[in-house]
Amino acid sequence: KQWYQRRVREGDPSHRLKLYKQYGRARIEDIVANIESYKWLEENSKECPECGAMIQLGPGCNKVQCSVCKGYMCWLCGKALPKSSPYSHFGNGGTCHGKLFEGTREEWHDEEEDEDDGFDVYFDEFEALHII
């Protein structure tokens, strides 16, 4: 797949024209776009442990919810989290104790330090519960 993608995007223009003539430009561009999409998914998402859908980490904490099955998972270790208490995984005795915001807290505060986004209330609450 990478060879094909490289030949079409970065390769010899005469070879690209040959591929376009043989298979059609739209089809070749569609194949290359699909390869790029799969590559992006592999690098930026993880598989839901419940249903197998691909999940992307958004802004927030390391507890993520699958948009397909609505299950919860830990972004750090990939384990399915109980729907009744998903944050317990990050609390005392949990596998990822204290890592609820690992890799995310600094990103929030670096974006706009002057903006009051209300997250400080949550940080205080999570710190009191020994989750972070």
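Report follows, based on the coordinates. (Residues numbered from 1 in each chain as written. Predicted model: local features only at pLDDT ≥ 70, side-chain atom pairs only at ≥ 80, totals over all residues. Heavy atoms only, no water.)

1. Description of helix α3 (residues 25-44)
Working step 1: An ideal rise of 1.5 Å per residue puts 28 Å on 20 residues; α3 measures up with 28 Å between its terminal C-alpha atoms.
Working step 2: Listing the buried residues of α3 in full gives Ile28, Val32 and Ile35. For α3, the angular spread of buried residues about the axis comes to 60 degrees, placing them on one side. Away from the buried face of α3 by more than 90 degrees, exposed residues Ala26, Arg27 and Tyr38 are located. (Helix = DSSP H or I, 4+ residues; strand = E, 2+ residues; numbered from the N terminus. Expected span 1.5 Å × (residues − 1). Buried < 20%, exposed > 50% of the residue type's maximum accessible area, 1.4 Å probe, protein only. Arc of directions from axis to C-beta.)

2. Topic: the packing of helix α2 (residues 13-23) against α3
Working step 1: Where α2 meets α3, the axes come as close as 6 Å, and the angle between the chain directions of the two elements is 110 degrees. With respect to each other, α2 and α3 are oriented roughly perpendicular. Counted together, Leu19, Tyr20 and Tyr23 of α2 and Arg25, Arg27, Ile28 and Glu29 of α3 form the full contact between these two elements.
Working step 2: Across the contact of α2 with α3, the residue classes break down as 4 nonpolar, no polar and 3 charged. (Axes fitted to C-alpha atoms, helices over the stretch in contact; angles between N-to-C directions. Parallel < 35°, antiparallel > 145°, perpendicular 65-115°, else oblique. Contact = heavy atoms within 4.5 Å. Nonpolar A, V, L, I, M, F, W, Y, C, P; charged D, E, K, R; others polar.)

3. Thoughts on the environment of Met54
Working step 1: You can see Met54 is positioned in strand β2 (residues 54-56).
Working step 2: Under the relative-accessibility criterion, Met54 is labelled partly exposed at 42%.
Working step 3: Between the C-alpha atom of Met54 and that of Ser67, which follows or precedes it by 13 residues, the distance is 9.1 Å.
Working step 4: Not counting residues within four places of it along the chain, the set of residues in contact with Met54 comprises Leu41, Ser45, Lys46 and Glu47.

4. Things to note about the sheet that holds strand β4 (residues 72-74)
Working step 1: Taken together, 3 strands build an open sheet; the order of strands is β3-β4-β5 and the sheet is antiparallel. In the strand order of this sheet, the two ends are held by β3 (63-65) and β5 (80-81), each with one partner.
Working step 2: The sheet contact formed by β4 and β5 spans 2 bridges and is antiparallel. Bridged to Met73 within β5 is Ala80. (Pairing = 2+ DSSP bridges.)

5. Description of the side chain of Lys63
Working step 1: The residue Lys63 is located in strand β3 in this model.
Working step 2: Filtering out sequence-adjacent residues up to four positions away, Lys63 remains in contact with Tyr72, Met73, Leu81, Pro86, Tyr87, Phe90 and Leu100.

6. Remarks on the side chain of Ser45
Working step 1: Note that Ser45 resides in strand β1 (residues 45-47).
Working step 2: We classify Ser45 as buried; its relative accessible area is 10%.
Working step 3: If sequence neighbours within four positions are ignored, Ser45 has contacts with Met54, Ile55, Gln56 and Trp75.

7. Focus on the nonpolar core
Working step 1: In terms of nonpolar packing, the biggest core is built from 8 residues, these being Cys61, Tyr72, Cys74, Leu81, Phe90, Cys96, Leu100 and Phe101.
Working step 2: Excluding anything up to four places from it in sequence, Cys74 contacts Asn62, Lys79, Leu81, His89, Phe90 and Cys96.
Working step 3: Of all hydrophobic cores here, the second largest spans 7 residues; its members include Ala53, Val64, Cys66 and Trp75. (Core = buried A, V, L, I, M, F, W, Y, C linked by side-chain atoms within 4.5 Å.)

8. Considerations on unusual backbone geometry
Most peptide bonds adopt trans geometry, and most residues besides glycine take a negative phi value.
Working step 1: One non-glycine residue, Lys70, adopts positive backbone phi at about 65 degrees.
Working step 2: You can see Lys70 is positioned in the loop between β3 and β4.

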